[in-house]
Amino acid sequence: MQSTSSRIRLIDSATLSDDWYLLKKYTFDFLRRDGSWQRQTREAYDRGNGATVLLYNRQKRSVILVRQFRLPAWLNQHDGFLLEAAAGLLDNLDPETRIKAEAEEETGYRLDNVEKVFEAFMSPGSVTEKLHFFIAEYHDGQHTGTGGGVEEEGEDVETVELGFEEAMRAIKEGKIVDAKTIMLLQYLALEGVM
């Protein structure tokens, strides 16, 4: 098997947008498995890497999620208000430090410990972002703030505590449609955490 770098030759890149994040168009030659080269073009959206955390409480059998408006979901025939695990971009911090800060900003819970469970590319066909997935056990005494997100960043985040079984039903019922949240809830179920 050839290394990936020997199968790709970057020919050109052009910036299409550098407003919210960076959107570029790339032209590259791709060495196919049959030995022939094929010229391809793709657009890639670079918004940096991120982290997400699912807060859970074993004793209460509950999870903490957030509800916030997502324009792309709204544009695709959804009401736009998604139930999600807290998440955010790394902004030049290590994933653990960033996700603890993000959890407090969005949910109001100050986390002592987080456990990294895996990494994943969420939309590798068009977005460069790699997401670092965490879980963290919470208790009521850790609720030190109001949450709600950062207003200057346009965030208006509602904190939602759900029973674990209710959250799992919400996936089947189409009430939770966010991929990172589904992955983390299923992780808790598969690993027997809850």
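Residues numbered from 1 in each chain as written. Predicted model: local features only at pLDDT ≥ 70, side-chain atom pairs only at ≥ 80, totals over all residues. Heavy atoms only, no water.

The chain is annotated in an unreviewed UniProt entry as GDP-mannose pyrophosphatase from Atlantibacter hermannii NBRC 105704. Recorded in UniProt under Sequence similarities (unreviewed entry), the annotation for the chain is "Belongs to the Nudix hydrolase family. NudK subfamily." (UniProt positions renumbered as here; feature names shortened; annotations may be inferred.)

1. Overview of the packing of helix 4 (residues 164-172) against helix 5 (residues 179-190)
Look at helix 4 against helix 5: their axes get within 11 Å of each other, and the N-to-C directions meet at 130°. Viewed along their axes, helix 4 and helix 5 adopt a mutual orientation that is oblique. The two elements helix 4 and helix 5 meet at a crossing, and its hand is left-handed. Contact residues: Phe164, Ala167, Met168 and Ile171 in helix 4; Ile182, Leu185, Gln186, Leu188 and Ala189 in helix 5. A class-by-class count of the residues in the contact of helix 4 with helix 5 yields eight nonpolar, one polar and no charged. (Axes fitted to C-alpha atoms, helices over the stretch in contact; angles between N-to-C directions. Helix = DSSP H or I, 4+ residues; strand = E, 2+ residues; numbered from the N terminus. Parallel < 35°, antiparallel > 145°, perpendicular 65-115°, else oblique. Left-handed = near helix turned anticlockwise from the far one by under 90°. Contact = heavy atoms within 4.5 Å. Nonpolar A, V, L, I, M, F, W, Y, C, P; charged D, E, K, R; others polar.)

2. With respect to helix 5
Between its first and last C-alpha, helix 5 extends 16 Å over 12 residues, near the 16 Å set by a 1.5 Å rise per residue. Residues Lys180, Thr181, Ile182, Leu184, Leu185, Tyr187 and Leu188 constitute the buried set of helix 5. Phi for glycine 192, located one or two positions after helix 5, is positive at around 70°. (Expected span 1.5 Å × (residues − 1). Buried < 20%, exposed > 50% of the residue type's maximum accessible area, 1.4 Å probe, protein only.)

3. Considering helix 3 (residues 95-107)
For helix 3, which comprises 13 residues, the first-to-last C-alpha distance of 17 Å matches the rise-based estimate of 18 Å (1.5 Å per residue) to within 8%. Along helix 3, the residues that are buried comprise Pro95, Arg98, Ile99, Glu102, Ala103, Glu106 and Thr107. Burial along helix 3 is one-sided: seen end-on, the buried residues are contained in an arc of 135°. Considering only its buried residues, helix 3 is in contact with strand 4 (50-57), strand 5 (62-69), strand 7 (86-89), strand 9 (130-137) and strand 10 (158-163). Phi for glycine 108, located one or two positions after helix 3, is positive at around 85°. (Arc of directions from axis to C-beta.)

4. Things to note about the pattern of salt bridges
Across all of its chains, the model carries 18 salt bridges by this definition. We note a salt bridge from glutamate 102 to arginine 98, for which the minimum N-O separation is 2.4 Å. Taken together, the residues glutamate 102 and arginine 98, both in helix 3 and four residues apart, mark about one turn of the helix. Note on arginine 98: relative accessible area 9%, which makes it buried. (Salt bridge = Lys/Arg side-chain N within 4 Å of Asp/Glu carboxyl O.)

5. Describing the sheet that holds strand 1 (residues 8-18)
Strand order in the open sheet formed by three strands is 1-2-3, and the pairing between neighbours is antiparallel. The open sheet has two free edges, formed respectively by strand 1 and strand 3 (37-46), since each of these has just one partner strand. Put simply, the sheet's adjacent strands are angled 20° from each other on average, direction ignored. Relative to strand 3, strand 2 (residues 22-31) is paired through 10 bridges, and the arrangement is antiparallel. From the neighbouring strand, leucine 22 faces strand 3, where its bridge partner is aspartate 46. (Pairing = 2+ DSSP bridges.)

6. Remarks on the packing of aromatic side chains
According to the stated counting rule, one finds six aromatic pairs in the structure shown. Where phenylalanine 69 meets phenylalanine 81, the ring centres are 5.4 Å apart and the plane angle is 55°; that geometry is what we call tilted. In this pair, phenylalanine 69 sits in strand 5 while phenylalanine 81 sits in strand 6 (residues 81-84), placing the two residues 12 residues apart along the sequence. Phenylalanine 81 sits in the partly exposed class, given a relative accessible area of 46%. Linked through ring pairs, Trp20, Tyr21 and Tyr45 together constitute an aromatic cluster. Sitting over the ring of tryptophan 37, arginine 9 keeps its end group 3.6 Å from the ring centre. (Phe/Tyr/Trp six-rings, centres within 6.5 Å; stacked < 30°, edge-to-face > 60°. Lys NZ or Arg CZ within 6 Å of the ring centre and 35° of its normal.)

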